[in-house]
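# Understanding the architecture of this molecule
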Amino acid sequence: MKKTYITNHHIISSLGFDSESNFKNLIANNSGIKKHKRENGNDFYSSLIDKEKIDTAFSKIGTIEKFTTLEKMMLLSVNQILTDSKIKITAKTGLIISTTKGNIDALSPKSPFYTDKKRAYLSELGNQIQEFFNFKNEAIVLSNACVSGVLAISVAKHLIQSDLYDNVIIVSGDLVSEFIISGFESFQAISNKPCKPYSKNRTGITIGEAIASVLVSNTVTKNSKDIVEVIGNASCNDANHISGPSRTGEGLFLSVQSALKEAKINAKDIDYISAHGTATNFNDEMEAIAFNRLEMEQVPLNSLKGFYGHTLGASGLLETVIGMLSLHQNKLIANIGFDELGVSKPLNIIQNNTNKDLQIFLKTASGFGGSNTAVIFKKIST
C-alpha cells in the first residue's frame, strides 16, 4: 500500500495569514476571539478575518469583484500551496474543497452575487476554484458537517492509494454569517463569552472563520516542510440524532478504534490528541466518555476552539495543521480558557504550553448528523 503524506500547509485566520504566524500566536496565548457587532446591533464573540486585508492580498492575483469573499480566501490559500510546493497541476492532481455552508451569504439580498442564483451552490464554489487554477479534474466538494476538514484528508489518502491521483490539494473554509449565527442560536448553543472547551464554567460554542489548505502526496520533495505521514483513518456515523451525538460516544469510539487498527498501533502510542472540543455540554461529555473507553484518558489533549472558535468546515484541517507544527516543534499548546474539568470522566487537558518529544498525534472531529472522523499522523523527519 502506498504511503501518504501531508507535505505543505497554509492557514488564513484572525491570528495570521500563514501557518507560522498562527502557531506563534498560539504559543503566545493570543486568542483570535473578540467582541463584535452583529447586523442587528447585538454583541457577539467570534474570530473574524479582516476582509480588507483579504482584498488587498487578492488584488495581486485576481480581480476582487469577480469572486465572493470565501472564494478569494480559498484562492489565496491554494495559490500559496502551489507556490510553496512548486507542483505542476496535471491529470494526476486532485482538488478537494471542504465546507459546511460554502457561499451561503450569496443568498442574501445584500450580497453582490444575489442575482447569480447558482453562486450559492456548492458545486459552483468548486468550479470557481478549479477554473482559476486550471485543475484538469473536477473539484470534489465535501460537505459533511463539522468533520468535513479532516474527513477530506481521509478521502485524499484513499484517492492516492487507489492510484487515481499522485497528489491532492485540500482547501477548507467557512465564513461567519447571520445565517450561521442564527442557526446555532436556535439550538441555544451560542456562548455569551469566549468558549471554554471541557471547562465546568463553559457556556456554549463560539463561531469563527478560517481557511486552511494542505497538499497530500505520495512523495516527499525538497519543497516539503513539517511533513507527516497519514498512518490511520476511519469515519463512523453514530446514527443517534440530527444535532446530538451518541451519549456513549459510540461513533467517535469506533472511528478511533478503527484508525488505530489500520495504523497498527495502540492507544499508548498516541502522544497527543487534537480533539473537537466545541464547549457544548453534549459534545465535550461525549468525547470524554469515548476517550475513556479507548483508555486514552491520560493522553495530553486540547481543543483549539478557545483560540479560533468553531470554524466549521475548516476546523478539522486547521487543527490538523497546528498539530503538524506541534509535532515538529515538540510543543503542546494549552487549552486556552480551561479552568475546572466539566465532564464526568477524567481527561488530561493541556493547561500550559509544554515541551515534549512528539512523534504521533490523533485528530478527531464530530458533527451534526452523527458524523465522526479520526485520523492519525506520524512525524517524518527530513
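Quantities reported herein were computed from a predicted structural model and do not represent experimental measurements. As a convention, each chain's residues are numbered from 1 in the sequence order in which they are written. The predicted nature of this model means local features are confined to residues of pLDDT at least 70 and side-chain atom pairs, given and counted, to a pLDDT of 80 or more, with totals for whole chains, interfaces and linings taken over all residues. Excluding hydrogens and water, the side-chain figures rest on all heavy atoms present in the structure.

## Focus: unusual backbone geometry
Leaving glycine out, the prevailing phi sign among residues is negative, and the prevailing peptide bond configuration is trans. The line we're drawing: The numbering of helices and of strands both runs from the N terminus, where a helix is a DSSP run of H or I of at least 4 residues and a strand a run of E of at least 2. Per-residue accessibility, obtained with a 1.4 Å probe over protein chains only, is compared with the maximum for each type, and a residue is labelled buried under 20%, exposed over 50%, and partly exposed between these values.
Within the chain, D163 stands out as a residue other than glycine whose phi angle is a positive 70 degrees. Within the secondary structure, D163 is located in the loop between α5 (148–161) and β6 (167–174). Taking relative accessible area as the criterion, D163 reaches 41% and is therefore assigned partly exposed. The phi dihedral of A239 is positive, around 50 degrees, even though this residue is not glycine. Here A239 is to be found in the loop between β9 (228–235) and α7 (250–263). Owing to a relative accessible area of 67%, A239 belongs among the exposed residues under this scheme.

## Comments concerning the sheet that holds strand β15 (residues 360–367)
Across a sheet, strands are paired by hydrogen bonds formed along the backbone, either parallel or antiparallel in direction. Defined as follows: Two strands pair under a simple rule: DSSP has to find at least two bridges between them.
Reading across the sheet, the 11 strands line up as β5-β4-β6-β8-β1-β9-β16-β15-β10-β11-β13 and stay open at both edges, with mixed pairing between neighbours. In this open sheet, the two edge strands, each paired with only one partner strand, are β5 (140–142) and β13 (348–349). Bridge count for strand β10 (residues 272–274) against β15 is three bridges, and the pairing is parallel. The residue bridging S274 from the neighbouring strand is K363, located in β15.

## Points about the packing of α5 against helix α10 (residues 315–329)
Stated formally: Lines are fitted to the C-alpha atoms to define the axes, a helix being fitted only along its stretch in contact, and any angle between axes, read from their N-to-C directions, falls within 0 to 180 degrees. By the definition adopted for this analysis, an angle is roughly parallel if under 35 degrees, roughly antiparallel if over 145, roughly perpendicular if from 65 to 115, and oblique otherwise. Any pair of residues with heavy atoms lying within 4.5 Å of one another is described as a contacting pair.
Where α5 meets α10, the closest approach of the two axes is 4 Å, and the angle between their N-to-C directions is 75 degrees. The pairing of α5 with α10 is recorded here as roughly perpendicular in orientation. Of the residues in α10, those touching α5 at G149, V150 and I153 are G316, L317 and T320.

## Concerning the nonpolar core
Quick note on the threshold: Nonpolar core, defined: a set of buried Ala, Val, Leu, Ile, Met, Phe, Trp, Tyr and Cys residues in which side-chain atoms within 4.5 Å join the residues together.
Counting 45 residues, the largest nonpolar core has I6, I153 and I170 as its most contacted members. With residues up to four places along the chain from it excluded, the contact list for I153 reads I6, I170, V230, L317, T320, V375 and F377. Within the second largest apolar cluster, 30 residues are counted, among which are A234, F253, I265 and I273.

## Quick notes on helix α6 (residues 178–185)
Formally: Each direction from the helix axis to a C-beta atom contributes to the arc, which is the arc of those directions.
All of the buried residues in α6 are I180, I181 and F184. Angular distribution of buried residues about the axis of α6 spans 95 degrees; they occupy a single face of the element. The inward-facing, buried residues of α6 abut β3 (43–47) and β7 (207–208).

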